[in-house]
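# Structural features, examined
If you want the building blocks of each chain, they are given just below.
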Amino acid sequence: ERFSDIPVERMDADTVSASNTHEMILERFQKEHIPVLIGTQMVAKGLDFENVGLVGILNADNLLHHPDFRAYERAYQLLVQVSGRTGRRAEQGKVLIQTFQPENPIFAQIVRNDYQAFFNQDMTERHAFHYPPYVKLIRVIIRHTDFNTCNRAADLLANKLKLRLKNRILGPDVPSIGRIQNKYIKQILVKIEITAPIQQAKQIIQNEIQGVASQRPYNTAQFQLDIDPI
């Protein structure tokens, strides 16, 4: 709507298709048949364009608020990667980042390209709140087609695990994507000390899962273990 007088191309899951592939879209942009390209994160991935003078990143705060201890790491990687799409030849490019929290240190670190400062801060927070690389993680994923059954199964399993593993249990909560293929999803994180045998913790979790899964209606739920989730 803002640029109705010039050609604008979109590149996202709704516009990329068999007849309009991302290669075709990028070729039109590269040859300057379209001066403005608007897209999702797929625009950022390893592309090298000439003559790109401006990159805008909308709602950057959304990257920081995922319920994942790696959210800041991934946000830093993506924002730096997107920023690298401009000014890759002789002329200096410009990057505009939209945020409601400009005081957040991560934006100053990106502007300064100060990876070491970002790394030090992120590692300090992970150490304080017991996240990798200072602990091992096991993620337990619970899926069910019924919302209430999924919640109750997750709560029951979490309570049983807390009796065995105490304060090593975090959750249950809803992951960043809470429903896939008509199945609701809950997750439980188990934090294990680096020196502790992870197989022993895994066996405890599997035993408790079997106990929950033996009860109706939880016998129709799906339980999955993800060791050291990425």
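Further up the page is the structure itself.
Presented here is an overview of the structure given in this document. (Residues numbered from 1 in each chain as written. Predicted model: local features only at pLDDT ≥ 70, side-chain atom pairs only at ≥ 80, totals over all residues. Heavy atoms only, no water.)

We now examine unusual backbone geometry. Cis rather than trans, the peptide bond between Pro-132 and Pro-133 has omega equal to 10 degrees. With respect to the helices and strands, Pro-133 occurs in the loop between helix 5 (115-128) and strand 5 (135-144). For the bond from Arg-216 to Pro-217, the omega torsion is 5 degrees, close enough to zero to count as cis. At His-130, a position not held by glycine, the phi torsion is positive, near 60 degrees. Tracing the backbone shows His-130 in the loop between helix 5 and strand 5. A relative accessible area of 48% means that His-130 is categorised as partly exposed. For Gln-181, which is not glycine, the phi torsion reads 50 degrees and is therefore positive. Residue placement: Gln-181 occurs in the loop between strand 7 (179-180) and strand 8 (183-193). Looking at Gln-181, the relative accessible area reads 72%, which means it is exposed. (Helix = DSSP H or I, 4+ residues; strand = E, 2+ residues; numbered from the N terminus. Buried < 20%, exposed > 50% of the residue type's maximum accessible area, 1.4 Å probe, protein only.)

With that out of the way, let us pick up the nonpolar core. Counting 24 residues, the largest nonpolar core has Val-140, Ile-142, Leu-157, Ile-188, Val-190, Ile-205 and Phe-223 as the members making the most contacts within it. Elements that contribute at least two residues to this core include exactly strand 5, helix 6 (147-165), strand 8 and helix 7 (198-213). For Ile-205, the contacting residues outside a window of four places in its chain are Ile-138, Val-140, Leu-161, Leu-165, Val-190 and Leu-225. Of all hydrophobic cores here, the second largest spans 23 residues; its members include Ile-25, Leu-26, Leu-37 and Phe-118. (Core = buried A, V, L, I, M, F, W, Y, C linked by side-chain atoms within 4.5 Å. Contact = heavy atoms within 4.5 Å.)

Attention now goes to the layout of surface pockets. Rolling a probe over the atoms, with the probe sized like a water molecule, indicates the empty space that remains. A volume near 1,300 Å³ is recorded for the largest pocket. Every residue lining the largest pocket is counted, 36 residues in all, and those nearest its centre are Leu-37, Ile-38, Gly-39, Val-55 and Gly-56. The set of elements that each furnish at least two residues to the lining of the largest pocket consists of helix 1 (22-30), strand 2 (36-39), strand 3 (54-57), helix 2 (61-64) and helix 3 (71-83). A per-class count over the lining of the largest pocket returns 20 nonpolar, 11 polar and five charged. Roughly 670 Å³ of volume is contained in the second largest pocket. Those elements giving two or more residues to the lining of the second largest pocket turn out to be helix 3, strand 5, strand 6 (169-173) and strand 8. By residue number, the principal contributor to the lining of the second largest pocket is helix 3, which donates six residues. Taken together, the residues of the lining of the second largest pocket break down into 17 nonpolar, six polar and seven charged. (1 Å grid on protein atoms, 1.4 Å probe; cavity = no way out; pocket = protein on both sides within 12 Å on 5 of 7 lines; lining within 4 Å. Points joined across faces, edges and corners; volume = space filled by probe spheres on them. Nonpolar A, V, L, I, M, F, W, Y, C, P; charged D, E, K, R; others polar.)

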